[in-house]
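Residues per chain are reported as follows:
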Amino acid sequence: MTHPQLDNLVRISRLKSEPAADEEIEGLVRSGVRRLSDAEREDLSLESRFDLAYNAAHSLALAALRMRGYRSDSRYLVFQCLQHTVDLPQAQWRVLDNAHRKRNLAEYEGVLDVGEELIAALLRVAREVEKRVRDGMMS
């Protein structure tokens, strides 16, 4: 099943069309769920919890994109496509956008400024993406 907005991104070479692979999708979901569970451990540093939650969200968002038959090399675009892959409300997608910006600052400039609030919001949104992906896998 194709999606007009996602197909437009294929036309401009931002996404690639690629048949969904159940084994890959299941692996991405498994990885995301494991990382979410670890990110919820309060005995870990905030930085570790953020990294785990961010990467869990990315894994789950990529699973959503792959379920629709698309692939992207851009983390940002994988998050942005959630509004089309699992109908994630824009307010929730914006949490991932904020986390992505903070992740880039940490990765490329060595500046990581995260708190419990951001991690809690990131975990909530990632769990919502997980739910929507699992619902999509069952239909």
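From a predicted model like this one, the values you see are computed outputs, not experimental measurements.

**A word on the overall build of the protein chain**
Looking only at helices and strands, the protein chain features seven helices and two strands. Traced from its N-terminal end to its C-terminal end, the protein chain shows the element sequence α-β-α-α-β-α-α-α-α. Along the longest, intermediate and shortest principal axes, the C-alpha atoms of the protein chain span 40 × 30 × 25 Å. For the protein chain, the accessible surface area stands at approximately 7600 Å², while carbon and sulfur atoms represent 47% of it. Distance between charge centroids for the protein chain: 4 Å, based on 21 positive and 23 negative side chains.

**Notes on helix H3 (residues 46-67)**
For H3, spanning 22 residues, the distance from its first C-alpha to its last is 31 Å, which sits close to the expected 32 Å at 1.5 Å a residue. When you tally the buried positions in H3, you get 16 out of 22 residues, the bulk of the element. Where H3 terminates, the next one or two residues include Gly69, which has phi positive at roughly 90°.

**Quick look at the confidence of the model for the protein chain**
The predicted model of the protein chain has a mean per-residue pLDDT of 94, with 99% of residues at 70 or higher. The secondary-structure element of the protein chain with the lowest mean pLDDT is helix H6 (residues 90-109), recorded at 92, while helix H2 (residues 22-39) shows the highest, at 97.

**Describing the packing of H6 against helix H7 (residues 116-138)**
Contact pair H6 / H7: the axes reach a minimum separation of 9 Å and the direction vectors enclose 125°. Put simply, H6 runs oblique to H7. H7 is crossed by H6, and the crossing has left-handed handedness. In this structure, H6 contributes Gln92, Val95, Leu96, Asn98, Ala99 and Lys102 to the contact, and H7 contributes Leu118, Ala121, Leu122, Val125 and Glu128. Considered class by class, the residues forming the contact of H6 with H7 number seven nonpolar, two polar and two charged.

**Here we look at the packing of aromatic side chains**
What the rule picks out here adds up to three aromatic pairs. When the ring of Tyr54 is compared with that of Phe79, the centres are 5.5 Å apart and the planes differ by 80°; the resulting orientation is edge-to-face. Taken together, the residues Tyr54 in helix H3 and Phe79 in helix H4 (residues 75-80) connect sequence positions 25 residues apart. No difference in accessibility class separates Tyr54 from Phe79, as the two residues are buried. Centroid distance Tyr76 to Trp93: 5.8 Å. Interplanar angle 70°. Geometry classified as edge-to-face. Of this pair, Tyr76 sits in helix H4 while Trp93 sits in helix H6, and the two are 17 residues apart along the sequence.

Definitions and cut-offs
Residues numbered from 1 in each chain as written. Predicted model: local features only at pLDDT ≥ 70, side-chain atom pairs only at ≥ 80, totals over all residues. Heavy atoms only, no water. Helix = DSSP H or I, 4+ residues; strand = E, 2+ residues; numbered from the N terminus. Areas by Shrake-Rupley, 256 points an atom, 1.4 Å probe, with all protein chains shown as cover. Lys, Arg positive; Asp, Glu negative; His and termini not counted. Charge placed at Lys NZ, Arg CZ, Asp CG, Glu CD. Expected span 1.5 Å × (residues − 1). Buried < 20%, exposed > 50% of the residue type's maximum accessible area, 1.4 Å probe, protein only. pLDDT = per-residue confidence, 0-100. Axes fitted to C-alpha atoms, helices over the stretch in contact; angles between N-to-C directions. Parallel < 35°, antiparallel > 145°, perpendicular 65-115°, else oblique. Left-handed = near helix turned anticlockwise from the far one by under 90°. Contact = heavy atoms within 4.5 Å. Nonpolar A, V, L, I, M, F, W, Y, C, P; charged D, E, K, R; others polar. Phe/Tyr/Trp six-rings, centres within 6.5 Å; stacked < 30°, edge-to-face > 60°.

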